[in-house]
Amino acid sequence: MLTQRLRINRHLESLVGERHPETSPRALRKAAHYLATQFAKSGWSTSGQLVSAWGKAYRNVVAIKNPDRGRQGEELPPLLIGAHYDTVSGSPGADDNASGLVVLLEVALRLRAQPLVRPVWLVAFCLEEQDRLGSQAFASRLKTERRELAGAIILECVGFARNEAGTQQAPPSVPIAVPTQGDFLAIVGNEASRSLVRQLEQDAQRHAAKLKTLSLVVPGRGEAMPHTRRSDHASFWDTGYPAVVLTDTANFRNPHYHRESDTEDTLNLEFLSDVATTVTATAMQIAGVRS
Ligand SMILES: [Zn+2]
C-alpha cells in the first residue's frame, strides 16, 4: 500500500502543472514524454499518434498490450481506456486530469503480467480542452479504418471526493436522484454502452467495496443532457463506438475545477486508487483470460 502511495505521489509530482498548447506547450510535451516512458517501463508498446491543429503537431500517446502469441489467431476488437493530458490555461490540472492519467498508469502496471485474450489500448489524449480535438482525431481515424472496439472507458476527473453533506450538486436535467454527499464515482454511458456501465458497477462492488457509484445511461449521444458529453467519450459516442465516462462530476463537486487551486493536495488518493482497482478489474473481465 505504501509503495502504491509513493508511486502515485511521484506520478502526480511529474504531471501536475499547467499543460496547455498555447501557454505551456513545453509542459504539454513533457507530460506526453513522461506518460510514454512510464507505459514503456510497464512493458507496453508505445507510439504517438499525430494530431495537427493550428498548423502545429500534437500527439495522442498510445500504449498497446496484445494477447500472447498463442492466443492471437483471429484478433478480437481491443478495449480502450483513455484520459486527456492537457489542461486549461491557468490551472495545474491535478483533478482535471492528472487524476485520470494516474489511473491509466496504475492500470498499465497492474495489467503488466496478466495474460490477455484481446488487446488493451491505453490512450492519453491531447487537446481535450480544445473541443476534444485529440480524441476526435483518434475516433474518426478508427472509423475510417473500419476498426471495431470492444468499448472505451474514459477517465475524466477521478480524484476529488468529500464525505460532508452539501458537497455535491446535481447537474441540470439529469433524470436521477443525485446524493448531496460528493463521495461517489459517476459512471455515464449511453444505450450502446449499457453493458459496460453494468460491468464497471459490478466490479466496483466486488473489488472496491468502499467505492460508491452512481450510474446513468443516456439516450442516443447524450444530446438532451449536454453535461453528460463533456469529455473524450463523446468523440466515441459520435462515431458510434460504445463508450463510458468515469468522473467525480468535476465542477458539480470540485470548487477548484479549472482554477489555479486544482492542486495535488486537494485529491483523495484512496478514492483514486479505488477507481484504478475497478478499471483494472473490468479490463480483466473484458480482455483478460477467463479460467
Ligand atoms: Zn478534463
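The residue numbering used here restarts from 1 in each chain and proceeds along that chain's sequence as written. Predicted model: local features are reported for residues with pLDDT of at least 70 only, side-chain atom pairs are reported and counted for 80 or more only, and whole-chain, interface and lining totals are derived from all residues. Side-chain numbers here rest on the full set of heavy atoms in the structure, without hydrogens or water.

### So, helix α5 (residues 194-207)
Phase 1 of the analysis: Each helix is a run of H or I in the DSSP string that is no shorter than four residues. Each strand is a run of E no shorter than two, and both are numbered from the N terminus. Expected helix span is taken as 1.5 Å per residue step, with the number of steps being one fewer than the number of residues. If you check α5, its first and last C-alpha atoms are 20 Å apart, about what 14 residues at 1.5 Å a residue would give, namely 20 Å.
Phase 2 of the analysis: Three exposure classes are used, based on accessible area relative to the maximum for each residue type with a 1.4 Å probe and protein chains only: buried under 20%, partly exposed in between, and exposed over 50%. For α5, every residue scored as buried is listed here: L196, V197, Q199, L200, D203 and A204. Within α5, the buried residues cover an arc of 165° as seen down the axis, which keeps them to one side. In α5, the exposed positions angled more than 90 degrees off the buried face are occupied by S195, Q205 and R206. Summarising the geometry, the arc corresponds to the directions from the helix axis toward the C-beta atoms.

### Focus: the nonpolar core
Phase 1 of the analysis: Counting 61 residues, the largest nonpolar core has F39, I81, Y85, L122, L155 and L246 as its most contacted members.
Phase 2 of the analysis: It is helix α3 (residues 94-111) that contributes the most residues to this core, ten residues altogether.
Phase 3 of the analysis: Beyond its immediate chain neighbours, meaning those up to four positions away, I81 contacts L104, V107, V120, W121, L122, V123, I153, L155, V279 and A283.
Phase 4 of the analysis: The definition of a nonpolar core used throughout is a set of buried Ala, Val, Leu, Ile, Met, Phe, Trp, Tyr and Cys residues joined through side-chain atoms within 4.5 Å. Formed by 24 residues, the second largest nonpolar core is a distinct cluster that contains V62, V188, L216 and V245. Any pair of residues with heavy atoms lying within 4.5 Å of one another is described as a contacting pair.

### Concerning the coordination of the zinc ion
As a benchmark, a tetrahedral metal site with four donors has ideal angles of 109.5 degrees, while an octahedral site with six donors has ideal angles of 90 or 180 degrees.
Phase 1 of the analysis: For Na, K and Ca the donor cutoff is 3.2 Å, while for all other metals N, O and S atoms must lie within 2.8 Å; water is not among the atoms, so some sites may look incomplete. Protein coordination at the zinc ion: the donors are H84 (NE2), D96 (OD), E156 (OE) and E156 (OE), at 2.0 to 2.8 Å from the metal.
Phase 2 of the analysis: Mapped onto the sequence, the residues coordinating the zinc ion show the spacing H-x11-D-x59-E. Here D96, found in helix α3, pairs with E156, found in strand β5 (residues 151-156); they are 60 residues apart in sequence, far enough to count as distant. Both residues of the pair, D96 and E156, count as buried.

### Topic: unusual backbone geometry
Outside of glycine, negative phi angles account for most residues, and trans bonds account for most peptide bonds.
Phase 1 of the analysis: Of note, the bond from D96 into N97 is cis; its omega dihedral lies within 30 degrees of zero at 10°.
Phase 2 of the analysis: The topology assignment puts N97 in helix α3.
Phase 3 of the analysis: Of note in this structure, W54 is not a glycine but carries a positive phi near 50°.
Phase 4 of the analysis: Along the chain, the position of W54 falls in the loop between β1 (45-53) and β2 (56-65).
Phase 5 of the analysis: Even without being glycine, T249 reaches a positive phi, approximately 80°.
Phase 6 of the analysis: Take T249: its relative accessible area is 13%, and that puts it in the buried class.

### Examining the sheet that holds β5
Strand-to-strand pairing in sheets goes through backbone hydrogen bonds, with the strands running parallel or antiparallel.
Phase 1 of the analysis: Note on pairing: two strands pair once DSSP finds at least 2 bridges between them. Spatial strand order, β1-β2-β4-β3-β5-β8-β6-β7: eight strands in an open sheet with mixed pairing. Here the strands that pair on one side only, and so sit at the sheet edges, are β1 and β7 (212-218). The average undirected angle you get between the axes of adjacent strands in this sheet is 20°.
Phase 2 of the analysis: Bridging between β1 and β2 involves nine bridges; their strand directions are antiparallel. What sits directly across from Q49, in β2, is N60.
Phase 3 of the analysis: In this analysis an axis means a line fitted to C-alpha atoms, helices contributing only their contacting stretch, and an angle means the value between N-to-C directions, from 0 to 180 degrees. Against the sheet, helix α4 (residues 133-144) makes contact with β1, β2, β3 (79-84) and β4 (120-125), and its axis sits at roughly 110° relative to β1, the strand it touches most.
Phase 4 of the analysis: Relative to β3, helix α7 (residues 269-287) is tilted by about 155°, and along the sheet it contacts β3, β4, β5, β6 (184-190) and β8 (243-247).

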